[in-house]
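Residue strings, one per chain:
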Amino acid sequence: MKQDYEVQESDVLVIGGGMAALSAAIRAKDFADKVTLVEKAKVGRSGASIYCHAYGAPVPDDAFERRIKEMVRQSGYLGDQSWCEIYVREIGERQHDMEKWGVLFEKDEQGNLKRDEIRGMGPKFMALAFGKQVIEAMAQYALSTGVKVVERVAVTDLLTSDGNYPTEGHIVGAVGINTRTGQFVVFRSKAVVITTGMISGKLHRIWMDNVTGDGHAMAFRAGAEIGGMEFSPSMFGVWNRKFTTGGQGQFQYGGTKLVNRLGEEFLYKYEGASKEFIGFEGREPWGELSRAIAVEILEGRGPVYFDCRAWSQEKIDKMRKLQPFVMMSFDEQGVNMKKDLVEGTPMVGTYDNICQSGIRVNTLSESTIRGLYAAGAAAMYGAVTIPQGMCLVGGYRAGGNAAKWARDIEFADNFSVQARRLREAMFLPLQIKEGISPDQIYYSVNKVVTPWGASIFKHEERIREVLGEIRRIARDDLPRIKARDSHELVKATEARNFVLLMELHNLAALERKESRMTHYREEYPYTDDRNWLKWILLKHDGKGGVQLKIEPVPLGRSAIIPDALTRKPMPVQYKMRRP
Amino acid sequence: MTIERIAKDICEACGLRTGVGCPIMESCSVDVIRLDERGFPYIAYPDDCDSCFLCHLDCPNGAVKVSAEIPLPFLARY
């Protein structure tokens, strides 16, 4: 392990390597001389972006108001309405930018953008492209503008102007570790953009085991507000109890039938179940769906099967073209969608509901700490919409504004004391002989957070139990974490972040005394629009604890709220029995 | 299970020959692949593989066999 450390300087540092990161870096380069993008693995082979086929299509002027309303409604009315408006107004220009950067969208014979529909959002909202080509094209373009791309460096902490956590100053850079050589790297920069994506529990879901919410954790430690942590995507893409893929949304369309062991299309017994797709009308569709599947299994009518035998050849061809990794997995497992029923099981796997939760940002994409910007899934827009679209629009704003902020300030001089302290703490696990491995930490945490009674169906008692165990792990196990090499050292920093993020997830879930979208509380099986059109924000309190802030959702010019502020019962309700 | 095999008889140790790097070591997002003393890739951290198939796709010689089947220790716990 090298003892000295490397210092790299830039005006803007972008942490991450996906859609939001590349969008931010490309835009930052319009205003700043030195833009560095630092990715933990390899750009174009990391994170969720390469698997995405859905992008934002330009919105015609006469559809603006309707689209904003749809976005807000689909966000469970928690969307930041200014961001919904920004999305609707700017996605067209950004989509054209993507084409200028070399991205190839699906077009029809006349050369017009092929537009697709996305559940509940109405037709023509979505444009299609192959994720791997999108990211590779954007990465190439970023390189061509002079963005410096650093790979295989895991950024672990932010540098603050006053050397404190939480800071009362601003962000002056970050530190990280080369995942292969173990060299400590100091990034001295005038502005930092966090675009690190969602939070994976390393449960082998949607190929995101390396996307571990490091950005959320380091921003929280530095004192930024984080929000929406009670929401996490509900996942049912676990197939035949043996393998997992992304693209589960595709299984909701094309004539799929969802049946239980008795062959019943059980979803229709619930109010609001859609006749057009597998899911619920006009709402975030995955939470209800996962709960409905879980209930069938819990009540002895499982397994639950996705019957895709009615899929057209066109649909299968589209899957092969735009979701090849999904098809590769099915092919390798010998599953033929046209002949075989596919068993689906809900299983938690990632946290942070994409653009619904993350680091709180204003419309400059600026966090609550100056010099720190955030975009993409790591930022909180309150609305999920078409994730890659929001990542693109948000990233672009983050990069431009970060670069403008950087223009008016000098580099901080006093970073080396903090950097040395961070390096010492970071390398400690290498010296521990008898300790706890990062894998064991992940196992201990997942053991308590993955059961359905701790994830899909929550209850105050069980949340408190989970919090108790997470805090025990933080207190007793984390100080003993050991690592044998740089690869494991990176996992140690990820494990530390995971423990923190699971505490935040459960604190927020405890606070929201209602059910909404993917968050379900047995004691409050209804959505309470009179009392809970609110954000739950979490912040480092400076004493090793978490401060909670509850704020009404900012409504902006559109001021879109539900028609009735009454309690609306959740269609799928269940009470887990104690073992 | 997960990444199963890098066929030594098919692998051409691209990293050594071209000086650009072994494509599968480059592409692994969970950094599972390392090079041995002779410059051939091997599966250094098999438990971290999450069956993304990128190594299978990126090896220009088709030397990598990946199985989609993956350990799911926390499946359906209720």
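Here is what the cut-offs are and how they apply
- Residues numbered from 1 in each chain as written.
- Chains lettered and ligands numbered in written order.
- Predicted model: local features only at pLDDT ≥ 70, side-chain atom pairs only at ≥ 80, totals over all residues.
- Heavy atoms only, no water.
- Pairing = 2+ DSSP bridges.
- Helix = DSSP H or I, 4+ residues; strand = E, 2+ residues; numbered from the N terminus.
- Salt bridge = Lys/Arg side-chain N within 4 Å of Asp/Glu carboxyl O.
- Core = buried A, V, L, I, M, F, W, Y, C linked by side-chain atoms within 4.5 Å.
- Buried < 20%, exposed > 50% of the residue type's maximum accessible area, 1.4 Å probe, protein only.
- Contact = heavy atoms within 4.5 Å.
- Phe/Tyr/Trp six-rings, centres within 6.5 Å; stacked < 30°, edge-to-face > 60°.
- Axes fitted to C-alpha atoms, helices over the stretch in contact; angles between N-to-C directions.
- Parallel < 35°, antiparallel > 145°, perpendicular 65-115°, else oblique.
- Nonpolar A, V, L, I, M, F, W, Y, C, P; charged D, E, K, R; others polar.
- Buried area = accessible area lost by both parts, 1.4 Å probe.
- Polar contact = N/O pair within 3.5 Å; in protein donor to acceptor, adjacent residues only side chain to side chain.
- Expected span 1.5 Å × (residues − 1).

Q: What's the story with the sheet that holds strand E18 (residues 358–360) of chain A in this structure? I'm lost.
A: Whenever strands of a sheet pair, they do so through backbone hydrogen bonds, lying parallel or antiparallel. All names here are of chain A. Reading across the sheet, the five strands line up as E20-E18-E11-E22-E23 and stay open at both edges, with mixed pairing between neighbours. Looking at strand neighbours, the two that pair on one side only are strand E20 (379–380) and strand E23 (546–552), the edges of this open sheet. Sheet analysis places strand E22 (residues 534–540) next to E23, joined by seven bridges and oriented antiparallel. Bridged to Trp-535 within E23 is Glu-551.

Q: What exactly am I supposed to notice about the pattern of salt bridges here?
A: Per the stated rule, a full pass over the model turns up 57 salt bridges over all chains. Beyond isolated ion pairs, a larger network of salt bridges with shared partners links A:Glu230, A:Arg512, A:Glu514, A:Arg516, A:Asp529 and A:Lys568.

Q: Would you explain the nonpolar core in this entry?
A: In summary, soluble globular proteins display a tendency toward joint burial of nonpolar side chains. Residues and elements named next belong to chain A. Within the largest apolar cluster, 206 residues are counted, with the highest numbers of intra-cluster contacts made by Val-12, Ile-15, Met-98, Leu-158, Ile-194 and Phe-251. Apart from the residues within four sequence positions on either side, Phe-251 is in contact with Trp-239, Thr-256, Ile-278, Phe-306, Cys-308, Trp-311, Met-319, Val-326, Phe-330 and Met-337. Listed in part, the 18 residues of the second largest apolar core include Ala-154, Phe-184, Val-186 and Ala-412.

Q: What's the story with the packing of aromatic side chains in this structure? I'm lost.
A: In this description, an aromatic ring pair is defined by two values, namely the gap between the centres and the angle between the planes. Residues and elements named next belong to chain A. This structure, assessed with the given rule, holds 26 aromatic pairs over all chains. Residues Tyr-51 and Phe-325 carry aromatic rings whose centres are separated by 5.1 Å and whose planes lie at 80 degrees to one another, so their mutual orientation is edge-to-face. One end of the pair, Tyr-51, is in the loop between strand E2 (35–39) and strand E3 (54–56); the other, Phe-325, is in helix H8 (residues 324–332), with 274 residues separating them in the sequence. Here Phe-325 falls in the buried class, since its relative accessible area comes to 2%. Measuring from ring centre to ring centre gives 5.5 Å for Trp-239 and Phe-306, while their planes differ by 90 degrees; the resulting arrangement is edge-to-face. Of the two residues, Trp-239 is situated in strand E12 (residues 238–239) and Phe-306 in strand E15 (residues 305–307); the sequence distance between them amounts to 67 residues. There is no split in this pair, since Trp-239 and Phe-306 are both buried.

Q: I would appreciate a short explanation of the packing of helix H3 (residues 81–100) of chain A against helix H9 (residues 387–407) of chain A in the present structure.
A: Helix packing geometry: the angle between the two helix axes and the distance between the axes. All names here are of chain A. Their axes nearest at 8 Å, the elements H3 and H9 cross at an angle of 90 degrees. The orientation of H3 relative to H9 falls into the category roughly perpendicular. Counted together, Trp-83, Ile-86, Tyr-87, Glu-90, Ile-91, Arg-94, Gln-95, Asp-97 and Met-98 of H3 and Gly-389, Met-390, Leu-392, Val-393, Gly-394, Tyr-396 and Arg-397 of H9 form the full contact between these two elements. In terms of residue class, the contact of H3 with H9 is built from nine nonpolar, three polar and four charged.

Q: How do you make sense of the interface of chain A and chain B when you look at a structure like this?
A: One frequently used descriptor of interface size is the decrease in accessible area upon assembly of the parts. On the side of chain B, 33 residues touch chain A, which itself brings 41 residues to the contact. Note on chain A versus chain B: buried area summed over both sides is about 3300 Å², and carbon and sulfur give 58% of it. Viewed at the interface, chain B and chain A are joined by six salt bridges. In this structure, the connection of chain A to chain B is made through 18 residue pairs in polar contact (both at pLDDT 80 or more).

Q: Explain H9(A) here, please?
A: Side chains of residues three or four places apart in an α-helix project in the same direction, reflecting 3.6 residues per turn. Its 21 residues place the ends of H9(A) 30 Å apart at the C-alpha level, agreeing with the 30 Å of an ideal helix rising 1.5 Å per residue. Most of H9(A) is tucked away: 16 of the 21 residues are buried.

Q: Can you walk me through the pairing of strand E16 (residues 342–345) of chain A in this structure?
A: The side chains of a regular strand alternate between the sheet's two faces. All names here are of chain A. Side chains of E16 alternate between two faces, with Val-342 and Gly-344 and Glu-343 and Thr-345 buried alike. With two bridges joining them, E12 and E16 adopt antiparallel strand pairing. Bridge pairing links Val-238 to Thr-345 in E16. Here E15 runs beside E16; their pairing, made up of two bridges, is antiparallel. Counted as the bridge partner of Phe-306 is Val-342 from E16.

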